[in-house]
Amino acid sequence: MRTIAALAIAAAALILTPGLVRAQNKPAKQRPPRSGELGSGYVFKRDPATAELRRVPVKSAATPGAPDENAPGPGTIRRQVDLVEVGCNVLAPDGLSIRGLTERDFRLYEDGAAQSIAHFDASTEAASIVLVLDASPSIFRELAQMKTAARALAEKLSPLDEVAVVSFSAQAHLLLPFSRDRAALEKALDSNALARVEDSSKSNIYQAVYLAAAELFRGRTGRKAIVLLTDGEDSGLGLTWDPYTAAPKTGKDADRLTFEDVARALAAAGIELYAVSTATRPKAMTEDWLAGHAEAMLVSDKTRELGIPAYTAYLAELVRRAGGRLYFLREIGTLSEVYRRIAETLSAQYTLGFYSSAPVARPGWHALRVEIADRAGVRAIHRGSYYIPAGR
């Protein structure tokens, strides 16, 4: 039997072995977030060496080498890569979901290289879903539908699925931490906090999505989704048709949240985005047009020339990066019907997990592709890439 000292030496050897560059261990059990303002007690700080944005406690923000909340803790065993999870819906030629497939039916590729599937789930494990609701005046009238819509969502979800609720205008507030209690879900949607419009001039959409991803999903695996209800007109990031406005900055603006940071956060954690826009669908932004641009940046001069508003293009771009889908409420009719469709999509989703076969976990974006073996005309719907943060 090994001594405690021998075990410690063995663990240290694993940590220091060359080429083992990323952390993967069973997440430590954490206290669930409490209701209240998201982001409270933290500020954003950009690492000058990696250009990655971190959330740092206010008390240590001015201290060099402030702790990184995403860094592995003491005693973490290091492996080559983290488990990468890919949500996948399989559609028949008529558009209906195909259920009952097994791991052997799937082929998974990272950057064109075939990967071994290390984990497979056919919607039997619990899903984690956050409803992020824009409570600004521009869409406040839609909130009256929320209780009915929540029932439609809950009826289609598994009893094991957990739902959290976040509302935002200028600030984001957690109304319900992850819960399986459907009565608590209805109560959260009927709360005074949701009904109160906090700031009539601001709607910080992307900040709310980023904070929900950063604070609520840590340590969670399996199907993960944010369901965002908004008009898409963000007032926090200063986004324009100029791509520079979406990218991380240097100098005095280095610590500001950017669109790229939001996309990275969702893609790194495997959180899909189901965005429900209360704006009118632009005529040029058809489902076929979106499908034809699945591998191309949607915020471009060509998109602008089609008469698509910049704010709608950015919303569609975030969905493209994270996976999920963009819905337009006015063409579907009711929020309940939209939520029902989202729940059905999640309930028919397969989860494929893999450890990259690449010898070194290269930071940045990596392409994903899923194929279905020996089934003509069948489509696999999944996110097209995932992100590895630098310095992790």
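Quick caveat, the model's predicted, so the values are computed rather than measured.

About the thresholds
- Residues numbered from 1 in each chain as written.
- Predicted model: local features only at pLDDT ≥ 70, side-chain atom pairs only at ≥ 80, totals over all residues.
- Heavy atoms only, no water.
- Core = buried A, V, L, I, M, F, W, Y, C linked by side-chain atoms within 4.5 Å.
- Buried < 20%, exposed > 50% of the residue type's maximum accessible area, 1.4 Å probe, protein only.
- Helix = DSSP H or I, 4+ residues; strand = E, 2+ residues; numbered from the N terminus.
- Contact = heavy atoms within 4.5 Å.
- Pairing = 2+ DSSP bridges.
- Axes fitted to C-alpha atoms, helices over the stretch in contact; angles between N-to-C directions.
- Parallel < 35°, antiparallel > 145°, perpendicular 65-115°, else oblique.
- Left-handed = near helix turned anticlockwise from the far one by under 90°.
- Nonpolar A, V, L, I, M, F, W, Y, C, P; charged D, E, K, R; others polar.
- Phe/Tyr/Trp six-rings, centres within 6.5 Å; stacked < 30°, edge-to-face > 60°.
- Lys NZ or Arg CZ within 6 Å of the ring centre and 35° of its normal.

The next point concerns the nonpolar core. If you look at the biggest cluster of nonpolar residues, it comprises 51 residues, and the most contacted ones within it are V130, V132, L216, I226 and L228. By residue number, the principal contributor to this core is helix α5 (residues 205-216), which donates ten residues. Apart from residues lying up to four places away in sequence, I226 is in contact with V130, V132, V209, A212, A213, F217, L266, I271, E272, L273 and Y274. Among the nonpolar cores identified, the runner-up in size contains 31 residues, and L131, M146, V165 and A343 belong to it.

Right, let's get into the sheet that holds strand β12 (residues 172-179). Strands pair in a sheet through their backbones, by hydrogen bonds, and they do so in one of two ways: parallel or antiparallel. Read across the sheet, seven strands follow the order β2-β12-β11-β10-β13-β14-β15 without closing on themselves; strand pairing throughout is mixed. Looking at strand neighbours, the two that pair on one side only are β2 (36-37) and β15 (324-328), the edges of this open sheet. Where strand β13 (residues 224-230) and strand β14 (residues 272-277) come together, six bridges link them in parallel fashion. Bridged to T230 within β14 is S277. Along the sheet face, α5 touches β10 (128-134), β11 (162-168), β12 and β13 and points at about 155 degrees away from the line of β13.

Our next topic: the packing of helix α6 (residues 259-269) against helix α9 (residues 310-322). Taken N-terminus to C-terminus, the directions of α6 and α9 make an angle of 30 degrees; their axes are 9 Å apart at the nearest point. Between α6 and α9, the angle falls in the class roughly parallel. The way α6 lies across α9 gives a crossing that is right-handed. Residues F259, E260, V262, A263, L266 and A267 of α6 form the contact with α9, whose own contacting residues are Y314, E317, L318, R321 and A322. Partitioning the contact of α6 with α9 into residue classes produces eight nonpolar, no polar and three charged.

On to the packing of aromatic side chains, then. According to the stated counting rule, one finds nine aromatic pairs in the structure shown. On the basis of an interplanar angle of 85 degrees and a centroid distance of 5.5 Å, the ring pair of F44 and Y210 is categorised as edge-to-face. With F44 in strand β3 (residues 42-46) and Y210 in helix α5, this residue pair connects regions lying 166 residues apart in the sequence. The class for Y210 is buried, based on a relative accessible area of 7%. Each ring, one from F354 and one from Y386, has its centre 6.1 Å from the other, and the planes form 85 degrees; the classification is edge-to-face. Of this pair, F354 sits in strand β16 (residues 350-354) while Y386 sits in strand β19 (residues 385-388); the two residues are 32 residues apart in sequence, bridging distant segments of the chain. With respect to class, F354 is no different from Y386; both count as buried. Here a set of aromatic residues connected by ring pairs shows up, and it is made of F106, F120 and Y350. The ring of Y109 has R369 lying over it, and the distance from NZ or CZ to the ring centre is 4.1 Å.

Secondary-structure assignment places Q207 in helix α5. Look at Q207 and you get partly exposed, because its relative accessible area is 22%. Between the C-alpha atoms of Q207 and D261, which are 54 residues apart in sequence, the distance is 9.8 Å. Excluding anything up to four places from it in sequence, Q207 contacts A170, Q171 and L257.

So, on to α6. Counting buried positions along α6 gives eight out of eleven residues, so the element sits mostly inside the fold. Those residues of α6 that fall on the buried side of the exposure criterion are F259, E260, D261, V262, A263, R264, L266 and A267. Phi turns positive, to about 70 degrees, at G270, one or two residues after α6.

Turning our attention to the packing of α5 against α6. Running from N to C, α5 and α6 cross one another at 30 degrees; their axes reach a closest spacing of 9 Å. Classified by the interaxial angle, the pair formed by α5 and α6 is roughly parallel. For α5 against α6, the interelement crossing comes out left-handed. Between α5, through Y206, V209, Y210 and A213, and α6, the contact on the second element is made entirely by F259, D261, V262, A265 and L266.

Although it is not a glycine, D111 adopts a positive phi angle of roughly 50 degrees. As for its placement among the helices and strands, D111 is situated in the loop between β7 (106-110) and β8 (113-115).

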